[in-house]
Amino acid sequence: GMKLLCSVYGPRPDSKADFVSEVGRISCDVRIAPFAGVHSEPEREKELALLIRPALEPAVVLSRFPKSVVEIHILVLVRYLL
């Protein structure tokens, strides 16, 4: 199991949006706290973010937020090894 801290911000204007973009996007950032009991590796954090973002996309109606971004920040506080 894990204990996480999650923050969601937005929708906010997206500076990276195309002029023709009719849907918003999700930005996901994952960090592992130094005291989480797991060695933090930047590659692993990026991999987790790439896995989580597509899992959350169906939960957000991105077509309602054109040229916007919803930012999701996740901090892993504790990871229990069972």
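Our subject is the structure that appears above.
To keep things clear, this report deals only with the structure shown in the data block. (Residues numbered from 1 in each chain as written. Predicted model: local features only at pLDDT ≥ 70, side-chain atom pairs only at ≥ 80, totals over all residues. Heavy atoms only, no water.)

1. Some remarks on the sheet that holds strand β2 (residues 25-32)
- Within the open sheet, the three strands sit side by side as β1-β3-β2. Their pairing is mixed. Single-partner strands in this sheet number two, and they are β1 (2-13) and β2. Within this sheet the neighbouring strands show an average axis-to-axis angle of 15 degrees, counted without direction.
- Pairing between β2 and strand β3 (residues 68-79): eight bridges, direction parallel. Counterpart to Arg31 in the pairing with β3 is Leu75.
- Relative to the sheet, helix α1 (residues 42-56) contacts β2 and β3, its axis offset from that of β2 by approximately 140 degrees. (Pairing = 2+ DSSP bridges. Helix = DSSP H or I, 4+ residues; strand = E, 2+ residues; numbered from the N terminus. Axes fitted to C-alpha atoms, helices over the stretch in contact; angles between N-to-C directions. Contact = heavy atoms within 4.5 Å.)

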